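Below, each chain spelled out in residue letters.
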Amino acid sequence: AAAEPGAAPGGGGGGSVPVLFCFSVFARPSSVPHGAGYELLIQKFLSLYGDQIDMHRKFVVQLFAEEWSQYIDLPKGFLVNERCKVRLVPLQIQITTLGNLTPSSTVFFCCDMQERFRPAIKYFGDIISVGQRLLQGARLLGIPVIVTEQYPKGLGSTVQEIDLTGAKLVLPKTKFSMVLPEVEAALAEIPGVRSVVLFGVETHVCIQQTALELIGRGLEVHIVADATSSRSMMDRMFALERLARTGIIVTTSEAILLQLVADKEHPKFKEIQNLIKASAPESGLLSKV
C-alpha cells in the first residue's frame with residue numbers, strides 16, 4: 001500500500017502499524033491495525049488519554065508531515081498504512097454539552113434487543129417495555145429509528161414485543177458497535193442530525209462501543225438508563241459512569257420524550273403523555289445507575 005502523507009518509513013502489509021499518539025505534553029507509542037482510519041485513531045486516543053481529554057471540547061486530529069516538517073490536519077479518508085505520528089489538538093472554544101433535543105435533529109438507536117438475551121439480561125422485561133414506549137414515541141414524532149441485531153442467526157431476532165414498524169434500518173451485525181457502514185450512510189442521508197438516543201444491550205459492550213464511536217464523530221449521545229442493561233449490574237454501573245465522564249448524557253425515557261415535545265401545546269403532547277402514563281416498571285433499575 002502507498003504511504004499516506006507524512007507517514008514515516010517502516011511498516012507496511014497487514015497486521016499492526018506503530019503509531020506515536022501525542023496529546024498535550026504527552027507522547028505514547030502504540031499501534032493500530034493496518035488500514036485503520038479516523039474512528040480507530042479516536043478510540044485509541046480515548047484509551048490512552050481518556051482521563052485527560054475533556055469531551056466537552058471540540059478536537060482536530062493532525063498528522064506529522066515530513067515534507068512540511070510540521071503537523072497538518074488529518075487528510076480526508078486517511079488510513080494508517082505506515083508508521084506515523086498523530087496528535088489530538090483541542091480547539092480554543094469550549095463547547096458546553098447542553099443536551100437539547102429536537103425531533104428534526106435526533107435519531108433513535110435500538111441495540112440488540114434480541115430473544116436469546118431474555119434469560120440472561122437483568123431486568124430485560126422492563127427494558128423491553130421502556131424500549132417499546134420509546135419507539136412508539138419516535139413514530140409519533142417522526143424520528144428515524146435504526147435497529148441492529150447481534151448475530152441473529154445464533155441469537156435470534158428482536159423480541160416480538162418491540163414493534164419495528166417504520167424503522168429506517170434493521171441490520172444484522174457481528175461488530176459490537178452499531179456504527180456500521182450502512183448506519184453511517186443512513187446518518188449521512190438525514191439532514192442536520194446532531195443527537196443520538198441510544199438504548200438496548202449490553203451497556204458495557206455494544207452500548208458503550210457505539211456511544212464512543214458516535215461521540216468520536218461529533219454526535220451528541222443520550223443513553224436511556226431505564227432502557228439499557230447488562231447481564232451484570234456491576235458492568236452496567238461502571239459503563240454508565242465511564243460514559244458520563246466522557247460527556248455522554250445518561251438520562252431516562254420520560255426525560256427524553258418530554259424534552260422532544262418541549263411544550264404542552266405540541267400537537268403530539270397528549271399522545272406522548274399517554275405513553276408516559278403507562279408508568280415505567282418499578283424494577284429498581286434506575287437505583288443502579
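Residues numbered from 1 in each chain as written. Predicted model: local features only at pLDDT ≥ 70, side-chain atom pairs only at ≥ 80, totals over all residues. Heavy atoms only, no water.

## A look at helix H8 (residues 269-277)
Heads up, the condition is: Throughout, exposure labels follow a simple rule: accessible area from a 1.4 Å probe, protein chains only, divided by the maximum for the residue type, with under 20% read as buried, over 50% as exposed, and the rest as partly exposed. Counting from the N terminus, the helices are the DSSP runs of H or I reaching at least four residues and the strands are the DSSP runs of E reaching at least two. It is the directions from the helix axis to the C-beta atoms that the arc portrays. By definition in these notes, contact holds between two residues if any of their heavy atoms fall within 4.5 Å.
Within the span of H8, buried status applies to Phe269, Ile272, Leu275 and Ile276. Buried residues of H8, seen end-on, are gathered within an arc of 120 degrees and therefore sit on one face of the element. For H8, the exposed residues lying more than 90 degrees away from the buried face are Lys270 and Lys277. Looking at the packing, one finds that the buried side of H8 touches helix H2 (124-141) and helix H7 (253-261).

## Concerning the confidence of the model for the chain
What counts, and what does not: The score called pLDDT rates the predictor's confidence residue by residue, from a low of 0 to a high of 100.
Taken over all residues, the pLDDT of the chain has a mean of 89, while the share at 70 or more is 88%. Low confidence marks residues 1-12, where pLDDT is under 50. Its contacts with residues over four positions away, or in another chain, come to 28 contacts.

## As for the nonpolar core
Our working rule: Side-chain atoms within 4.5 Å are what join buried Ala, Val, Leu, Ile, Met, Phe, Trp, Tyr and Cys residues into a set we call a nonpolar core. Domain extents, as shown, originate in an automatic or database domain assignment.
Membership of the largest hydrophobic core comes to 49 residues, with the highest contact counts inside it found for Phe109, Ile146, Leu187, Leu198 and Ile223. When residues in this core are grouped by element, the largest group, seven residues, is from helix H5 (residues 203-216). Each of two domains, domain 1 (16-90) and domain 2 (103-276), supplies a minimum of three residues to this core. Once you skip the residues sitting within four places of it in the chain, Leu187 turns out to touch Val107, Phe109, Ile146, Val193, Leu214 and Leu219. Among the nonpolar cores identified, the runner-up in size contains 32 residues, and Ile121, Val130, Leu135 and Phe269 belong to it.

## Observations concerning the pairing of strand S1 (residues 16-23)
In regular strands, side chains alternate between the two faces of the sheet. To keep things clear, this is the line we draw: Any two strands are treated as partners once DSSP identifies two or more bridges connecting them.
Pairing of S1 with strand S2 (residues 26-33), which is carried by eight bridges, proceeds in the antiparallel orientation. If you follow Pro18 over to S2, its bridge partner there is Ser31. Following S1, the chain reverses through two residues before pairing antiparallel with S2; Ser24 in that reversal takes a positive phi of roughly 55 degrees.

## A look at the pattern of salt bridges
Let me state the cut-off plainly: We define a salt bridge as a side-chain nitrogen of Lys or Arg found within 4 Å of a carboxyl oxygen belonging to Asp or Glu.
What the rule picks out here adds up to eleven salt bridges. The closest approach of N and O atoms between Lys173 and Asp112, which form a salt bridge, is 2.9 Å. One end of the pair, Lys173, is in strand S8 (residues 169-173); the other, Asp112, is in the loop between strand S6 (106-111) and H2, and 61 residues separate them in sequence. For the pair Lys173 and Asp112, one class covers both residues: buried. Across the pair Lys168 and Glu189 runs a salt bridge, and its minimum N-O distance is 3.7 Å. Taken together, the positions of Lys168 in the loop between helix H3 (152-155) and S8 and Glu189 in helix H4 (residues 181-189) put the pair 21 residues apart, joining distant regions of the chain.

## Points about the sheet that holds strand S9 (residues 195-201)
In plain terms, the rule: Fitting a line to C-alpha atoms yields each axis, with helices limited to the stretch in contact; the angle taken between N-to-C directions then spans 0 to 180 degrees.
Ordered in space as S8-S7-S6-S9-S10-S11, the six strands form an open sheet in which the pairing is parallel. Each edge of the sheet is formed by a strand with only one pairing partner; in this case those strands are S8 and strand S11 (249-251). Going across the sheet, the axis of each strand differs from the next one's by a mean of 25 degrees, ignoring polarity. In terms of strand pairing, strand S7 (residues 145-150) meets S8 through five bridges, oriented parallel. Bridging from a neighbouring strand, Thr148 pairs with Leu171 of S8.

## Overview of the environment of Ile128
Among the structural elements, Ile128 can be located in helix H2. Given a relative accessible area of 4%, Ile128 falls into the buried group. For Ile128, the residues in contact, after removing those within four places along its chain, are Met113, Arg118, Val159, Glu161 and Ile162.

## Details of the packing of helix H1 (residues 38-49) against H5
Basically, it comes down to this: Under this scheme an angle from 65 to 115 degrees is roughly perpendicular, one under 35 degrees roughly parallel, and one over 145 degrees roughly antiparallel; angles in between are oblique. Three residue categories are used. Nonpolar comprises Ala, Val, Leu, Ile, Met, Phe, Trp, Tyr, Cys and Pro, charged comprises Asp, Glu, Lys and Arg, and polar comprises the others, including Gly.
Following both chains from N to C, one finds H1 and H5 inclined at 110 degrees, their axes separated by 9 Å at the closest point. The angle between H1 and H5 falls in the class roughly perpendicular. Taking contact as the criterion, the partners of Tyr38, Glu39, Ile42, Gln43 and Leu46 in H1 are, on H5, Leu212, Glu213 and Gly216. Here the residues of the contact of H1 with H5 are counted per class, giving four nonpolar, two polar and two charged.

## Brief notes about the pairing of S7
Burial of S7 is extensive: six of the six residues sit out of reach of the surface. Side chains Val145, Val147 and Glu149 of S7 all project onto a buried face; the interleaved residues Ile146, Thr148 and Gln150 project onto the opposite face, where all are buried too.

## Observations regarding unusual backbone geometry
Leaving glycine aside, a negative phi is the common case for residues, and trans is the common case for peptide bonds. Of the consecutive residues Val201 and Glu202, the connecting peptide bond is found in the cis state with omega at -20 degrees. Turning to its location among the elements, Glu202 is positioned in the loop between S9 and H5. Although it is not a glycine, Asp112 sits at a positive phi angle of roughly 55 degrees. Of note, the phi angle at Ala262 is positive, near 70 degrees, even though the residue is not glycine. As for its placement among the helices and strands, Ala262 is situated in the loop between H7 and H8.

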